[in-house]
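What the coordinates show
Below, each chain spelled out in residue letters.
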Protein chains: 2
Amino acid sequence: MPSQFDPPSGTRDFLAAELSRREHAFEVIRSVFGSYGFEPLQTPAFERLDVLLGKYGDEADKLVFKILRRGEHEASGEADLAMRYDMTVPLARVAAAYGSQLPMPYKRYAMGPVWRADRPGKGRYREFTQCDLDTLGSSSMLADAEVLSAVHDTLAALGLSNFSIQLNSRQVLQGLLEAFKVGPDAGPGVLSTLDKLDKLSPAEVTGELAERGLTESTAAELVEVVLARDAAQQLSVMLKPTARGPAGLEQVAKILDLVGPQLPPERIGFAPRMVRGLSYYTGPIWEVTAPGVPGSLAGGGRYDNLIQQLGGPDIPATGGSLGIERILLMQPAAGEPAHSQLDVAVPVLDQDLAGQSFGLAATARAAGLRAGVYLGGSGKLGRQLKWASDAGARWALIYGRNEQADATVTVRDMVTGEQSAVPVSGLAGYLADLALAGQAGQRPA
Amino acid sequence: MPSQFDPPSGTRDFLAAELSRREHAFEVIRSVFGSYGFEPLQTPAFERLDVLLGKYGDEADKLVFKILRRGEHEASGEADLAMRYDMTVPLARVAAAYGSQLPMPYKRYAMGPVWRADRPGKGRYREFTQCDLDTLGSSSMLADAEVLSAVHDTLAALGLSNFSIQLNSRQVLQGLLEAFKVGPDAGPGVLSTLDKLDKLSPAEVTGELAERGLTESTAAELVEVVLARDAAQQLSVMLKPTARGPAGLEQVAKILDLVGPQLPPERIGFAPRMVRGLSYYTGPIWEVTAPGVPGSLAGGGRYDNLIQQLGGPDIPATGGSLGIERILLMQPAAGEPAHSQLDVAVPVLDQDLAGQSFGLAATARAAGLRAGVYLGGSGKLGRQLKWASDAGARWALIYGRNEQADATVTVRDMVTGEQSAVPVSGLAGYLADLALAGQAGQRPA
């Protein structure tokens, strides 16, 4: 039941444990993208309304969060700004704004929240992280292959293994339509039906194609060829006389040639039935799926005209998007250390010795350990050790009147309960050793 | 002159070089905060309008970016959501929402963009990063001292040295008003005049105090005592008979006692003239300033009633804010390596050998180097080496027909121009050595 203190519908608060897990994944992604020479780009959370609207189609425009004008204009009820809906429109604006300041080709990634006023649902949010990787200014298939390779390496680095990449080309699809004599009016419908082969049976898709005007036999043949094990071979014959088919098959072959050798063979394959919804793709297209996971983990392709259509310069472009929220759900949780706030907890048994406790915590931090003093009101050791334990501390540094008299600190192992008296003068070295041992322990053997 | 491709007024696009510099600073901050056991918290970019409005006062409410209702309600011109204006109101909501799930005390930091429809100006933005550090649920001065110590260590870790912390307490100020017989009506005005002693001369402030109804001699005495070198001593006598003064002086002494030993002596001091604008502080208050820098680098204090006033539970709280944008401007730039995209550039001299070039880049990445292949259309080595140089690459891996015949790779040092023929079979080891040497080179001796 939603309470008045919940975050707005479709948004989330991230407390430390989950946020750390997310940030760790983001760091892995940044690291892989960076290893390919992709640069980060960060644009504002909102754009001018006219920059965003009309770029996504009418349905999507309704999902844009619009920001009311301010001051005397607020009463107009009009909006002048809108929250970022994706990373592509801002990219086109940046390409137009900074043109010659950008490296060419411009290989950039953008990772951050986008906002869509979709109906919130299971795993669907109004504020969610989007992660895009694009290369502007190269028409080479090497650019497409590089994006795909980086996406693959990212998923692998995130610990995913059971996924595969379906590769196709819009030219292959155009060739198919031409070879099967599907006219331009029926084309888009036929392709969107074909794309359902990941969810529906061949018979169901054949039936739907027949409803779209294909003869039963043509429909059955089309379904058969796109699902054939030797589709590439069959299509190389079948699409030969078409205007664009051969070029599309060449794109697919080239990319498989470039990316394939680095990947396990089952990870990537030609999937002539794969269409992808968006109309703006102009060349190779691809999708990453995993068995049992609805939808795709990542997807992308070449879109040579889009940057100009969005107001940017006329440059070729290719790229893709990671479905971060879905990927995070799939990430194996095993091996993750439990979240803790502190390595070292420092009780304060006597307020007159609080300064010394403060100093002990500073000594622990200087040794590379996370350390904090007890901030509560109780003077009881038992209560304070409970706090230390709740904070996930591995050690407690106890310093009371007895320790003061002996010039020692009692170092308590919070797991075993063992205690050692360490001379104050030797504490820094002692803690540095603990820190090193702790790091060694965290690494897998 | 603003162009249609500029980001909205008061916002910024961050390209790679600046973004990397910012992210590096954020990472330093996270690391220091984490070393004190502060946990990260991330809340949505927007809150429900009723959560935000009425919390900051009328003037501030006008600066809130409001989000128009959607769908059929859009035409109403009404807003139902508002963009995050600070990190404190969301903290109060989180404290109310997650109460017992949070560790107690709850030590959290929040770092991210906030949005204010202020008039943009030099160094003043409508989208800027705010960084808050707060401890909820402790009324101990140790909590105040810990926040202050963490803020100090953060600024030091960011490379700042020429800064100092002014410490005061609201109780000291109340004691001062009582000792100087300033009534409750005149109190706030007198304090805000006193606060101008960081900008105006003592004579000017004395004059302004007189205008506020103090006698010339009282005004002069008040200014003298708050500026005195031995203010703590003078005030301990002067405030003794007041209701709250002695408690305030004790707070200040306690915090200096806890924090002082870890800091250079000139870094922190009692500043009884320091007031801070916000009315909600209830105990110790502090500000970090640097000579020649207008305003403060950081500021904060104890606000024991605010979380409840903002809709949260009735818990004591203390914390502060780093003025990140200002701090970033002050950060010493020296020692920063120039931004580069790649360590290793891989030319593609022959499209038939592109697969091998792709593989060479993968080998370099496996060795921990950032690597990319040439994506342009030129087949000329000179042109491709120009690209390698522009990308900041340290080495180029050249593989053409000659290298193929010899089963070698030509490794070119992009700085010296020296070239070595490395056997393909030994390349992985060779690159791993280069990567190690490069890392060693990046560290200061």
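Rules and cut-offs
- Residue numbers restart at each chain and count upward from 1, following the sequence in its written direction.
- As a convention, the first chain written is A and the first ligand written is 1, with the rest following in written order.
- Whole-chain, interface and lining totals are the exception, using all residues; otherwise, since this is a predicted model, local features are given only for residues with pLDDT of at least 70 and side-chain atom pairs are given and counted only at 80 or more.
- Processing note: side-chain calculations cover all non-hydrogen atoms of the structure and skip hydrogens and water entirely.
- Comment: elements are numbered from the N terminus, with helices defined as DSSP H or I runs of at least four residues and strands as E runs of at least two.
- Think of it in three bands: with a 1.4 Å probe and only protein chains considered, a residue is buried below 20% of the maximum accessible area for its type, exposed above 50%, and partly exposed in between.
- Axis definition: a line fitted to C-alpha atoms, limited for helices to the stretch in contact. Angles are taken between N-to-C directions and run from 0 to 180 degrees.
- Angle categories are assigned with fixed cut-offs, so that under 35 degrees is roughly parallel, over 145 is roughly antiparallel, 65 to 115 is roughly perpendicular, and the rest are oblique.
- In this scheme, a crossing is called left-handed if the near helix is turned counterclockwise away from the far one by less than a right angle; it is called right-handed if the turn is clockwise.
- Residue contacts follow a heavy-atom distance rule, with two residues in contact if any of their heavy atoms lie within 4.5 Å.
- Amino acids are sorted into nonpolar (Ala, Val, Leu, Ile, Met, Phe, Trp, Tyr, Cys and Pro), charged (Asp, Glu, Lys and Arg) and polar (every other residue, Gly among them).
- Buried area is a sum: the accessible area each of two parts loses on coming together, probed at 1.4 Å, counted once for each and added.
- The salt bridge criterion pairs a side-chain nitrogen of Lys or Arg with a carboxyl oxygen of Asp or Glu, the two atoms within 4 Å.
- Only residues with pLDDT of at least 70 in both copies count here: their C-alpha atoms drive the least-squares fit that superposes the copies.
- Strand pairing is assigned whenever DSSP detects at least two bridges linking the two strands.

So, about the side chain of A:Ser340. Structurally, A:Ser340 can be placed in the loop between helix 13 (324-330) and strand 12 (344-346). The exposure class of A:Ser340 is buried, given its relative accessible area of 17%.

Here the focus is the packing of helix 5 (residues 141-157) of chain A against helix 11 (residues 245-259) of chain A. Residue and element names in this part refer to chain A. Where helix 5 contacts helix 11, the axes come no closer than 9 Å and their chain directions differ by 50°. The orientation of helix 5 with respect to helix 11, classified from their angle, is oblique. Seen along the crossing, helix 5 lies across helix 11 with a hand that is right-handed. Between helix 5 and helix 11, the residues in contact are Met141, Leu142, Asp144, Ala145 and Leu148 and Gln251, Lys254, Ile255, Leu258 and Val259, respectively. Taken together, the residues of the contact of helix 5 with helix 11 sort by class into 7 nonpolar, 1 polar and 2 charged.

Let us look at the interface of chain B and chain A. Each partner contributes to the interface: chain B provides 86 residues, whereas chain A provides 86 residues. Both sides of the chain B and chain A interface together cover about 7,100 Å² of buried area, and 61% of this is carbon and sulfur. It is B:Phe5, B:Phe358 and B:Leu375 in chain B that bury the most area against chain A; as a group they hold 11% of the surface buried on that side. One salt bridge in this structure joins A:Arg93 and B:Asp13, with 2.8 Å as the shortest N-O distance.

Rotating chain B by 180° and moving it 0.0 Å along the rotation axis overlays it on chain A with an RMSD of 0.0 Å. Both chain copies can therefore be described as sitting about a two-fold axis. For chain B, the smallest separation between a C-alpha atom and the rotation axis is recorded for B:Gly77, amounting to 1.8 Å.

Attention shifts here to the sheet that holds strand 1 (residues 39-40) of chain A. All names here are of chain A. As summarised here, the arrangement of the 8 strands in space is 1-5-6-11-10-9-7-8, forming an open sheet in which the pairing is mixed. Two strands in the sheet have a free side with no partner beyond their single neighbour: strand 1 and strand 8 (268-270). Note: strand 1 against strand 5 (residues 106-115), 2 bridges, orientation parallel. Bridge assignment links glutamate 39 to a residue of strand 5, and that residue is arginine 108. Each of strand 5 and strand 6 (127-136) touches helix 4 (residues 88-98); the most contacted strand, strand 6, lies at about 45° to it.

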